[in-house]
Amino acid sequence: LAKTTQPISMDSYEGQEVNITCSHNNIATNDYITWYQQFPSQGPRFIIQGYKTKVTNEVASLFIPADRKSSTLSLPRVSLSDTAVYYCLVGANAGNNRKLIWGLGTSLAVNP
Amino acid sequence: EAGVTQFPSHSVIEKGQTVTLRCDPISGHDNLYWYRRVMGKEIKFLLHFVKESKQDESGMPNNRFLAERTGGTYSTLKVQPAELEDSGVYFCASSQVGDYEQYFGPGTRLTVT
């Protein structure tokens, strides 16, 4: 399973767009990129998943370049409630054992 | 729809005692995962059930940890005897077969003194 590297922390202000980049140089052909969000004293929550190019849902966008060695989670117009830890995970999306391999994540602080 | 629930939310025990953590997955989710985060470290995979069968228990730290999933419904994780290094937050997650999205419970914070 590919290892991921993310910034330890980021700061932003309400209303700004936040982009969190994750490096995964050893990503395998059948690996997908998944992002989770975790608030204090809660379990992680799935945000978005993608394989290549761009994926968008009601919460975020995920940009994946052609070489797939990195990905960027984009949060539009963040609010104070987006303060959380964001995890980038890489793993196969086939089969039924999808144990998640976690890094330390990026701690995002949104300031007023 | 009820989410994944875990009990207790917090447990404080002495070294050498036994503790049992419980996880109730979302109804209909055959996949059940246990993870653990020790303070300052990454969340680590412990094991994976498909219904009542252990699919992958490669992350279990040692034989002091015993996980069961009775009838493919709720799961328990017993630590016996507990050691100081077992302190951390234990998360349970569930998913449907073939689904990549895992739904996590709020975790059980275990403190061994």
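Everything discussed here concerns the structure shown above.
Throughout what follows, the structure given in this document is the object of discussion. (Residues numbered from 1 in each chain as written. Chains lettered and ligands numbered in written order. Predicted model: local features only at pLDDT ≥ 70, side-chain atom pairs only at ≥ 80, totals over all residues. Heavy atoms only, no water.)

**Looking at the interface of chain B and chain A**
Alright, step 1. Between chain B and chain A, the residue contacts involve 24 residues of the former and 18 residues of the latter.
Alright, step 2. Approximately 1,800 Å² of surface area, both sides summed, lies buried where chain B meets chain A, with 51% of it carried by carbon and sulfur atoms.
Alright, step 3. Interface area lost by chain B to chain A is led by B:Ile43, B:Tyr100 and B:Phe104, which between them contribute 32%.
Alright, step 4. Taken together, the connections running from chain B to chain A amount to 0 salt bridges.
Alright, step 5. Counting the contacts that link chain B with chain A gives 5 residue pairs in polar contact (both at pLDDT 80 or more).
Alright, step 6. Contributing elements (two or more residues each) for the side of chain B that touches chain A: strand E4 (31–37) and strand E5 (43–50) of chain B.
Alright, step 7. Taken together, the residues of the side of chain B that touches chain A break down into 10 nonpolar, 8 polar and 6 charged. (Contact = heavy atoms within 4.5 Å. Buried area = accessible area lost by both parts, 1.4 Å probe. Salt bridge = Lys/Arg side-chain N within 4 Å of Asp/Glu carboxyl O. Polar contact = N/O pair within 3.5 Å; in protein donor to acceptor, adjacent residues only side chain to side chain. Helix = DSSP H or I, 4+ residues; strand = E, 2+ residues; numbered from the N terminus. Nonpolar A, V, L, I, M, F, W, Y, C, P; charged D, E, K, R; others polar.)

**Brief notes about the state of the cysteines**
Alright, step 1. Tallied over the full model, the rule gives 2 disulfides over all chains.
Alright, step 2. Covalent S-S linkage joins A:Cys22 and A:Cys88, the inter-sulfur distance amounting to 2.2 Å. In this structure, the disulfide formed by A:Cys22 and A:Cys88 twists by about -80 degrees around the S-S bond and is classed as left-handed. Here A:Cys22 is found in strand E2 (residues 18–23), whereas its partner A:Cys88 is found in strand E8 (residues 84–92), with 66 residues between them in sequence.
Alright, step 3. A relative accessible area of 0% places A:Cys88 in the buried class.
Alright, step 4. The residue that forms a disulfide with B:Cys23 is B:Cys92, at a sulfur-sulfur distance of 1.8 Å. Where B:Cys23 bonds to B:Cys92 through sulfur, the torsion about that S-S bond is close to -60 degrees, and the disulfide is left-handed. Placement of B:Cys23 in strand E3 (residues 19–24) and of B:Cys92 in strand E9 (residues 88–95) is noted, with a sequence separation of 69 residues between them. Side by side, B:Cys23 and B:Cys92 carry an identical accessibility label, which is buried. (Disulfide = S-S within 2.5 Å. Buried < 20%, exposed > 50% of the residue type's maximum accessible area, 1.4 Å probe, protein only.)

**Focus: the sheet that holds strand E1 (residues 5–7) of chain B**
By definition, the strands of a sheet pair up through backbone hydrogen bonds, in either a parallel or an antiparallel sense.
Residues and elements named next belong to chain B.
Alright, step 1. Spatially, E1-E3-E8-E7 is the arrangement adopted by the 4 strands of the open sheet, whose pairing is antiparallel. Every other strand in the sheet has two partners, leaving E1 and strand E7 (65–69) as the edge strands with one partner each. Going from strand to strand, the sheet's axes swing by 15 degrees on average, the running direction of each strand aside.
Alright, step 2. The sheet contact formed by E7 and strand E8 (residues 75–79) spans 5 bridges and is antiparallel. Along E8, the bridge assignment pairs Phe65 with Val79. (Pairing = 2+ DSSP bridges. Axes fitted to C-alpha atoms, helices over the stretch in contact; angles between N-to-C directions.)

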